[in-house]
Every structure is written in C-alpha cells, then in structure tokens.
Amino acid sequence: MKNIIICLMGEEDEILAKQVSMLKERHNATVKRVTFDEAESIISAGEEDALFISDDEGLANKAREKGMSVNSPQKMKESYEKAMEMLKTLGSIK
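Residues numbered from 1 in each chain as written. Predicted model: local features only at pLDDT ≥ 70, side-chain atom pairs only at ≥ 80, totals over all residues. Heavy atoms only, no water.

(A) Main features of the overall build of the chain. Counting its secondary structure elements, the chain contains four helices and four strands. Moving toward the C terminus, one meets the helices and strands of the chain in the order β-α-β-α-β-α-β-α. Structurally, the chain occupies a C-alpha span of about 45 × 25 × 20 Å along its principal axes. Across the 94 residues in the chain, those meeting the buried criterion constitute 33%. Of the contacts formed within the chain by residues at least 6 apart in sequence, a portion of 57% connects residues at least 24 apart. Carbon and sulfur atoms make up 48% of the accessible area of the chain, which totals about 6200 Å². Charge centroids of the chain, computed over 14 positive and 18 negative side chains, lie 6 Å from each other. (Helix = DSSP H or I, 4+ residues; strand = E, 2+ residues; numbered from the N terminus. Buried < 20%, exposed > 50% of the residue type's maximum accessible area, 1.4 Å probe, protein only. Contact = heavy atoms within 4.5 Å. Areas by Shrake-Rupley, 256 points an atom, 1.4 Å probe, with all protein chains shown as cover. Lys, Arg positive; Asp, Glu negative; His and termini not counted. Charge placed at Lys NZ, Arg CZ, Asp CG, Glu CD.)

(B) Geometry of the environment of Thr89. Mapped onto the fold, Thr89 is located in helix H4 (residues 73-89). Note on Thr89: relative accessible area 68%, which makes it exposed. Here the side chain of Thr89 touches Glu85 through a polar contact of 2.9 Å, landing on its backbone oxygen. (Polar contact = N/O pair within 3.5 Å; in protein donor to acceptor, adjacent residues only side chain to side chain.)

(C) Summary view of helix H1 (residues 14-27). For H1, built from 14 residues, the straight-helix expectation of 20 Å at 1.5 Å per residue is met to within 8% by its first-to-last C-alpha distance of 20 Å. All of the buried residues along H1 are Ile15, Leu16, Gln19, Val20 and Leu23. Down the axis, H1 shows its buried residues gathered within 130° of arc, on one side only. Set apart from the buried face of H1 by more than 90 degrees, the exposed residues are Glu14 and Glu25. Taken together, the buried residues of H1 touch strand S1 (3-7), strand S2 (30-33), strand S3 (50-54) and H4. Two or three places before Ile15, at the start of H1, stands the capping residue Asp13, its side-chain oxygen 3.3 Å from that residue's backbone nitrogen. (Expected span 1.5 Å × (residues − 1). Arc of directions from axis to C-beta.)

(D) Spatial organisation of the pairing of S3. In terms of residue burial, S3 counts as a mostly covered element, since five of its five residues are buried. Covered by surrounding structure in S3 are Ala50, Phe52 and Ser54 together with Leu51 and Ile53, the residues of both alternating faces. Where S1 lies against S3, five bridges are found, and the strand directions are parallel. Its bridge partner being in S3, Ile6 is matched across the sheet by Ile53. (Pairing = 2+ DSSP bridges.)

(E) Focus on the packing of H1 against H4. At their nearest, the axes of H1 and H4 sit 10 Å apart, and the two run at 85° to each other. Regarding the angle of H1 to H4, the classification is roughly perpendicular. Taken together, the residues of H4 that come into contact with H1 (itself represented by Ile15, Leu16, Lys18, Gln19 and Leu23) are Pro73, Met76, Lys77 and Tyr80. Split by residue class, the contact of H1 with H4 holds six nonpolar, one polar and two charged. (Axes fitted to C-alpha atoms, helices over the stretch in contact; angles between N-to-C directions. Parallel < 35°, antiparallel > 145°, perpendicular 65-115°, else oblique. Nonpolar A, V, L, I, M, F, W, Y, C, P; charged D, E, K, R; others polar.)

Written as structure tokens, this is what we have:
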C-alpha cells in the first residue's frame, strides 16, 4: 500500500494513531487525513494501492465498491485489544 487515507467524523484516539504509525512505517506509506468531501473525491477517482480508514459506513462502503482496502477505527481498536490480551496471556506484558 502506498497511501493511508483517513477520514474521521469522530476524534482520532491514541490507539488508532499508534496503529496508523505502525502501518505507515511497515508499508513506507504516506498518511493523508482528509475531509469528507476530499474522501469522496479520492474514492470517486478510485485510488488504488491505498488503505481507507473511516468511521463513516457510507464512505467505507463506497470505497469497498471501488475496490479499495477499507478498515474502521473500531475494528482496528478491537484487533489491537485482542493482540494486547494475547501478549498478556503469553506473559510478555504485565
């Protein structure tokens, strides 16, 4: 993935910020925080090689229909919490 596009109606929390930072580093990607209107333009253009992160289900569905990879902040947070629980179970984190 070349770009991470973030369009949030709510606030970006610390967990999401950490995850986006890790994704940016792992994929050597550019992060773009955009408005609703900018997101619609990007989706309409059908930008490939991008991860679209949004808490707006309508925008997320439009992006999926255009073949973009999509994730929601809520699902990312749940995934992060599960990973932390597994690490605690393994005794890696106290």
